[in-house]
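# Coordinates in review
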Amino acid sequence: MSGVTLTDNQWCNMLKFLRNEPSIRIRSETECRRFVEAVLWIIRSGAQWRLLPKDHGLWNSIYKRFSRWNNKGLWKRMFAFFSADPDTEHLIVDSTVVRAHPCAAGALKPADGVPPDQALGRSRGGFSTKIHISVDGLGNPVKYVLTPGQAHDVSQAENLLSGYNPERLMADKAYDSNDFRHILAQRGIEA
C-alpha cells in the first residue's frame, strides 16, 4: 500500500462502527479496509481521484462508493462517533484554505434552482474553501466547519469552541481579537 494504512487496532474499531451502520453492507472486510485506506490516501495527499495508486483499486469505483457514503451522511456520523470523547484540557484551533479547480465555478444549478452549499467562495487567492478545525490536546480533530474562502478565521472561533470548555485555547494571530479574548476570559479559558 502506498501512503496511509490503518493499524489493526484502528481498523478493528472502525469495523465495529461500520457493522452497526444500517445504511451500508460490508461484504468483505479486506475490501472495505482497502476502500477506507484509499479514501484516507486521497484526503492525506489532496490528489485528484484519478491519481489514486492502482494498488487501492479502481479510482472511479472508489469515488462512487465514497460519494454514496457521503450522501448517506456516513462520514459525518463516523467523525462524530470517533471524536465524541476528546481530551479537551487544551483545545487548538486553526484553518487552512483549499483552492478549488477552475471548473468548480461553472456547475449548473439543479432543477429547483437552489445550488447545494459547497462552501465555495472568492478570496484574493481565487476560488476556494476554508476548513476551520479544532483539535484536542493530542491533535485529534473534534470539530470542523467549512466556509467560503474569504471567511476570516476569527469568524468561526466561537463555533469551534462551542460544546467544549478547555483550560487553555491555542490559536495563531488570526484569532487574536479583543471580542474573542473577552469571551475566553468570561469562560475562564486561558488564551
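In this text, all values refer to a predicted model and were calculated from it rather than measured experimentally.

### Structural notes on the packing of helix H2 (residues 29-45) against helix H3 (residues 59-71)
Interhelical geometry of H2 versus H3 gives an angle of 85° and a closest axis separation of 10 Å. If you check the angle between H2 and H3, you find them roughly perpendicular. Of H3, the residues touching H2 (which contributes Glu31, Cys32, Phe35, Val36, Ala38 and Val39) are Ile62, Arg65, Phe66 and Trp69. Among the residues making up the contact of H2 with H3, the classes are represented as eight nonpolar, no polar and two charged.

### Description of helix H1 (residues 8-19)
Here H1 contains 12 residues, and its C-alpha end-to-end distance of 16 Å stays within 8% of the 16 Å for a straight helix at 1.5 Å per residue. The complete set of buried residues in H1 reads Trp11, Met14, Leu15, Phe17 and Leu18. Down the axis of H1, the buried set is contained in an arc of 160°. They therefore lie on one face. Facing away from the buried side of H1 by over 90 degrees, the exposed positions are Asn9 and Lys16. Taken together, the buried residues of H1 touch H2, H3 and helix H4 (74-82).

### Things to note about the nonpolar core
Of all hydrophobic cores here, the largest spans 22 residues; its most connected members are Trp11, Leu18 and Trp69. The set of elements that each furnish at least two residues to this core consists of H1, H2, H3 and H4. Among the elements that line this core, the one with the most residues is H2, at seven residues. If sequence neighbours within four positions are ignored, Trp11 has contacts with Leu6, Leu18, Glu29, Cys32, Arg33 and Val36. Judged by nonpolar contacts, the second largest core, of 13 residues, contains Leu91, Val142, Leu160 and Leu184.

### Some thoughts on the pattern of salt bridges
One pass over the full model with this rule turns up nine salt bridges. In this structure, Glu167 and Arg168 form a salt bridge, with 3.5 Å as the shortest nitrogen-oxygen distance. According to the relative accessible area criterion, Glu167 is partly exposed, its value standing at 45%. Here Arg181 ties to Asp176 by a salt bridge, and the two come within 2.7 Å at their closest N and O atoms. Taken together, the salt bridges that share partners define one network made up of Asp8, Arg33 and Glu37.

### Digging into the pairing of strand S1 (residues 90-99)
Bridging between S1 and strand S5 (residues 168-170) involves three bridges; their strand directions are parallel. Paired with Ile92 across the strands is Met170, a residue of S5. As defined by bridge partners, S1 adjoins strand S3 (residues 126-136) across nine bridges and the pair is classed as antiparallel. In the sheet register, Ser95 faces S3, and the bridge partner there is His132.

### Here we look at the packing of H1 against H4
Across the interface, H1 lies against H4 with an axial gap of 11 Å and an inter-helix angle of 125°. Comparing their axes, H4 and H1 come out oblique. Crossing handedness for the pair H1 and H4: right-handed. Between H1 and H4, the contacting residues are Asn13, Met14, Phe17 and Leu18 on the first element and Leu74, Arg77, Met78, Phe81 and Phe82 on the second.

Basis of the calculations
- Residues numbered from 1 in each chain as written.
- Predicted model: local features only at pLDDT ≥ 70, side-chain atom pairs only at ≥ 80, totals over all residues.
- Heavy atoms only, no water.
- Axes fitted to C-alpha atoms, helices over the stretch in contact; angles between N-to-C directions.
- Helix = DSSP H or I, 4+ residues; strand = E, 2+ residues; numbered from the N terminus.
- Parallel < 35°, antiparallel > 145°, perpendicular 65-115°, else oblique.
- Contact = heavy atoms within 4.5 Å.
- Nonpolar A, V, L, I, M, F, W, Y, C, P; charged D, E, K, R; others polar.
- Expected span 1.5 Å × (residues − 1).
- Buried < 20%, exposed > 50% of the residue type's maximum accessible area, 1.4 Å probe, protein only.
- Arc of directions from axis to C-beta.
- Core = buried A, V, L, I, M, F, W, Y, C linked by side-chain atoms within 4.5 Å.
- Salt bridge = Lys/Arg side-chain N within 4 Å of Asp/Glu carboxyl O.
- Pairing = 2+ DSSP bridges.
- Left-handed = near helix turned anticlockwise from the far one by under 90°.

The analysis is restricted to geometry; functional conclusions fall outside its scope.
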